[in-house]
Every structure is written in structure tokens, then in C-alpha cells.
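The chain contents come next:
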Amino acid sequence: MEPALPDRSNDHDDPMVLVIEDDPDVREGLRALFESVNLQSKTFGSAPEFLRCKLPEKVSCLILDVRLPGLSGLDFQTELAKVQIDIPIIFITGHGDIPMSVKAMKAGAVEFLVKPLREQDLLDAVRAALERDRRRRQHDMLTHDLRTRFATLSSREREVMTLVAAGLMNRQVAAEL
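Residues numbered from 1 in each chain as written. Predicted model: local features only at pLDDT ≥ 70, side-chain atom pairs only at ≥ 80, totals over all residues. Heavy atoms only, no water.

Enquirer: Please clarify how the overall build of the protein chain should be interpreted in this entry.
Expert: Scanning the protein chain from terminus to terminus reveals 8 helices and 5 strands. Reading the protein chain from its N end, one meets helices and strands in the order α-β-α-β-α-β-α-β-α-β-α-α-α. On C-alpha atoms alone, the protein chain measures out to a radius of gyration of 21 Å, which is more than a quarter above the 16 Å that the 2.2 N^0.38 rule sets for 177 residues. When the backbone C-alpha atoms are referred to their principal axes, the protein chain occupies close to 70 × 35 × 30 Å. Classification of the 177 residues of the protein chain by burial places 35% in the buried group. Pairs at least 24 residues apart make up 63% of the contacts formed inside the protein chain by residues separated by at least 6 positions. Counting 24 positive and 29 negative side-chain charges, the protein chain places the averaged centre of each group 4 Å from the other. (Helix = DSSP H or I, 4+ residues; strand = E, 2+ residues; numbered from the N terminus. Rg over C-alpha atoms; globule rule 2.2 N^0.38 Å. Buried < 20%, exposed > 50% of the residue type's maximum accessible area, 1.4 Å probe, protein only. Contact = heavy atoms within 4.5 Å. Lys, Arg positive; Asp, Glu negative; His and termini not counted. Charge placed at Lys NZ, Arg CZ, Asp CG, Glu CD.)

Structure (C-alpha cells):
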């Protein structure tokens, strides 16, 4: 009998939008926008404040201002990648340019939006980012499950599985072994 996969149904029920924005009025406006469409959100005034918080273990995305005091949003994106924090990022800025947006997108950003933000553009980007995180989490869960199952195999079973996974037919596997 196959082991059951962990129940992750909550991943779909209550995603979280995380916001790092140094302007308190913008932070409050974003929080109110997400609340109006029944999305949970948590806001931070700086990257260090965000790092002191435990990341939610559910589908989430990060809205990140490009210009922050200290570490810029683009530099913070690089730091997150270095420590393998894989969260979809939507950049927002009042002072963006093309090279900045290209750098952000090449590093994996979902979207790069210029202030003043159109609410629908932001909500569309958030939905895309949350869906990206949902798919990543599902993939990670399946990969973890496969690795766990593979670890339970004997060395001989692993040898056979490796040959089967390489595309050999039963007779070829038998001949090889």
C-alpha cells in the first residue's frame, strides 16, 4: 500500500501576501486592498524586519519595494536566492527603469509594477505569484515523497529502479544485471 501524501488542503484555502514597503501609507493601502478581496497579508517596513519573522508554511508571495532603506529590493531578492528562500516576488516602485525591471525579471520576479499601482494589475500579479508558489509546493511535496520512497528501497532495488528509470525494458535490465 502506498503511503498517503500529507494533507496540504490548507495551502489552497488561505494564501498569504507578504509586503515589504517602507512607506506606512502604501503598506496600509496594500493591506486594505488585500483584505477587500479576502487575502491574508502581513506587512513589513524593511527587509531586516521581514527576516526576523518566520515565513508562513503556506502558499505565499512577496510584494517588494525596489527602494528600501539599507538593502534595496533588488539586492534583497539576490540575498533570498542565496539562502534558498524560494518565494515569488512582485516588485513595486515609484522610480523604476527598464534595466532595473530586466534585472528583477531575469532573477525570477513575477512582475515589476510602477507606482501609482493599478489595483487590478497588482491583484492579477498576486494571483499569478500565488499560483506559481502553489505549483512549486506541490512539486516539492511530490519530489520529497519520491525521495522518501526511493530511500526505502534496498540497494539491489535501487539498482533496478535506476535502470528502469533510464528507459531500459525488463529484458535489458535483466541482461544488464
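Enquirer: When you look at helix α4 (residues 73–82) in this model, what are you seeing that I'm missing?
Expert: One turn of the α-helix equals 3.6 residues, which is why residues spaced by three or four share an orientation. Taken together, the buried positions of α4 are G73, L74, F76, Q77 and L80. Around the axis of α4, the buried residues are gathered within 160° of arc, so they sit on the same side. Here the buried face of α4 lies against β1 (16–20), α3 (47–51), β3 (60–65), β4 (89–93) and α5 (98–106). (Arc of directions from axis to C-beta.)

Enquirer: When you look at the pairing of strand β5 (residues 111–114) in this model, what are you seeing that I'm missing?
Expert: Remark: a regular strand shows side chains that alternate across the two faces of the sheet. Of the pairings in the sheet, the one linking β4 to β5 comprises 4 bridges and is parallel in character. Each bridged residue has a counterpart across the sheet, and for F91 the counterpart in β5 is F112. Handedness of the β4-α5-β5 crossover: right-handed. (Pairing = 2+ DSSP bridges. Right-handed = clockwise from strand over helix to strand, strands pointing away.)

Enquirer: Looking at this structure, I do not really get a nonpolar patch on the surface. What am I missing?
Expert: On the surface, F150, M161 and V164 cluster together into a nonpolar patch covering about 240 Å² of accessible area. One can find F150 in helix α6 (residues 119–151). F150 gets classed as partly exposed once you look at its relative accessible area, which sits at 35%. (Patch = residues over 30% accessible without salt bridge, like charges linked within 9 Å, V, L, I, M, F, W, Y side chains within 5 Å. Areas by Shrake-Rupley, 256 points an atom, 1.4 Å probe, with all protein chains shown as cover. Salt bridge = Lys/Arg side-chain N within 4 Å of Asp/Glu carboxyl O.)

Enquirer: Any chance you could explain the sheet that holds strand β2 (residues 40–44) here in plain terms?
Expert: Whether parallel or antiparallel, the strands of a sheet pair through hydrogen bonds between backbone atoms. Taken together, the 5 strands give an open sheet; going across it, the order is β2-β1-β3-β4-β5, and neighbouring strands pair in parallel fashion. Strands at the two margins of the open sheet, each flanked by one partner only, are β2 and β5. Across this sheet, the average inter-strand angle for adjacent strands is 20°, counted without regard to direction. Pairing geometry for β3 and β4, over 4 bridges, is parallel. (Axes fitted to C-alpha atoms, helices over the stretch in contact; angles between N-to-C directions.)

Enquirer: When you look at the pairing of β1 in this model, what are you seeing that I'm missing?
Expert: For β1, the tally of buried residues reaches 5 of 5 residues, placing the bulk of the element in the interior. Burial along β1 is two-sided: M16, L18 and I20 facing one way and V17 and V19 facing the other are all buried. Direction of pairing for β1 relative to β2: parallel, over a ladder of 5 bridges. Paired with V19 across the bridge in β2 is T43.

Enquirer: Help me understand the nonpolar core in this model?
Expert: Soluble globular proteins tend to pack their nonpolar side chains together in the buried interior. Grouped together as the largest cluster of nonpolar side chains are 21 residues, with contacts concentrated most on I20, F50, L62, L64, F76 and F91. For this core, the elements supplying multiple residues, two or more each, are β1, α3, β3, α4, β4 and α5. Excluding its chain neighbours within four sequence positions, the residues that come into contact with F50 are L18, I20, F44, L55, L62, F76 and L80. Grouped together as the second largest cluster of nonpolar side chains are 19 residues, F34, I90, L123 and A129 included. (Core = buried A, V, L, I, M, F, W, Y, C linked by side-chain atoms within 4.5 Å.)

Enquirer: Please clarify how the side chain of D133 should be interpreted in this entry.
Expert: Within the secondary structure layout, D133 lies in helix α6. A polar contact is formed between the side chain of D133 and the side chain of R136, at a distance of 2.7 Å. Not counting residues up to four positions away in its chain, the partners in contact with D133 are K58, V59, S60, D86 and P88. (Polar contact = N/O pair within 3.5 Å; in protein donor to acceptor, adjacent residues only side chain to side chain.)

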